[in-house]
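Structure at a glance
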Amino acid sequence: MRYNSKIALVTNSPTVITIGTFDGVHVGHQKILNKVVKTAESNNCTPLVLTLFPHPRMVLQKDDSIKLLNTIEERIDILKSYGIKEVVVKEFTKEFANLSAENYVKSILVDELKANIIVIGYDHHFGKNRSANINNLKAFAATYNFKVKEISAQDIKDVTVSSTKIRNALNAGQVSLANLYLGYNYFITGTVIKGKGLGRTLDFPTANIKIKESYKLIPHDGVYVVKSEINGETTFGMMNIGTNPTVDGKSRSIEIHFFSFNSNIYDEILKIEFLKRIRNEQKFKNLDELKNQLRKDMAFALEFITSKNE
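The structure presented is a predicted model; accordingly, all values stated were derived computationally and were not measured.

1. Here we look at the packing of aromatic side chains
If you walk through the whole model with that rule in mind, you get 8 aromatic pairs. Relative to F274, the ring of Y224 has its centre 5.3 Å away and its plane inclined at 90°; by these criteria the two rings are edge-to-face. With Y224 in strand 8 (residues 222-230) and F274 in strand 11 (residues 269-279), this residue pair connects regions lying 50 residues apart in the sequence. For Y224, a relative accessible area of 0% puts it in the buried group. An aromatic cluster of three or more residues is present, and its members are F92, F96, Y104 and F126. Stacked on the ring of Y266, the Lys or Arg K194 has its end atom at 3.9 Å from the ring centre. Sitting over the ring of F187, K216 keeps its end group 5.3 Å from the ring centre.

Here's what the structure looks like:
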């Protein structure tokens, strides 16, 4: 991952650039990315996204509570899947925040990123204290010989509204709604670690997932239908997010029971997609009652999977 103070591009051609956080890379973002890719194609340029990390609030306000829809690695992969050839991650620091608008435009956008066209929202602000706007950018464009292509107010509104709606939906456990706004299945990426082995005693062995990035948004506690690619095959399962209250669990965990699966996948890194919410996590009177509910959950999940694959 390129994430440093000096940028070395793979491309030698001029670029069409858009700039933003692009958290989620949802359907609103995808409209902008499509515009960048098409503009690049028609101008014989390379489509490029400049994105910042960490989130400015994490640095300027030391706000660790903010949760993002994608890890930075996930964001890069998704951006590239929509035709972006170069994704440049610029580390957001206090020094970067203090760059003057002109210094930022000349040293980064023009000199380092070879900007030929910049595709940007009408309400975009940049430079120290976010003091410069699109009119300033257009003035710099005349000085430094690039063009500015404005993103419409409606497209910007779609981006802002979608990001808020997706976070709200996931925090409420509404993964189907979140997936609709994203244009793909919401997913997490984590490492399979050893758990307490409770699932195996219930005949529902589970893979425990550890996510290293504390800023990644995890959907609301509950049981979900999920899928993952394991050894090149699509494998379905059901996931529990929560504290396992039936056995007086204290810490939040993520556990998946994969259907018709019995391989050792400890230490493997899995991408797990959320397909459907089944129910809230709940406390049962005893393990037999829990086991009976798990059978019902599996029947629901298998019926859902069959209906989607018919």
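2. Section: the pairing of strand 7 (residues 207-210)
For strand 6 (residues 187-193) and strand 7, the ladder comprises 3 bridges, and the chain directions are antiparallel. Residue pairing for strand 7: V192 is matched across the bridge by I209. In this sheet, strand 10 (residues 253-258) lies alongside strand 7 in antiparallel orientation, the contact comprising 2 bridges. From the neighbouring strand, N208 faces strand 10, where its bridge partner is E255.

3. Some remarks on unusual backbone geometry
Here the bond from F53 into P54 is cis, since omega is 0°, no more than 30 degrees from zero. Counting through the fold element by element, P54 comes out in the loop between strand 2 (46-53) and helix 2 (56-60). The backbone of V25 shows a phi angle near 45°, a positive value even though the residue is not glycine.

Scoring rules and cut-offs
- Residues numbered from 1 in each chain as written.
- Predicted model: local features only at pLDDT ≥ 70, side-chain atom pairs only at ≥ 80, totals over all residues.
- Heavy atoms only, no water.
- Phe/Tyr/Trp six-rings, centres within 6.5 Å; stacked < 30°, edge-to-face > 60°.
- Helix = DSSP H or I, 4+ residues; strand = E, 2+ residues; numbered from the N terminus.
- Buried < 20%, exposed > 50% of the residue type's maximum accessible area, 1.4 Å probe, protein only.
- Lys NZ or Arg CZ within 6 Å of the ring centre and 35° of its normal.
- Pairing = 2+ DSSP bridges.

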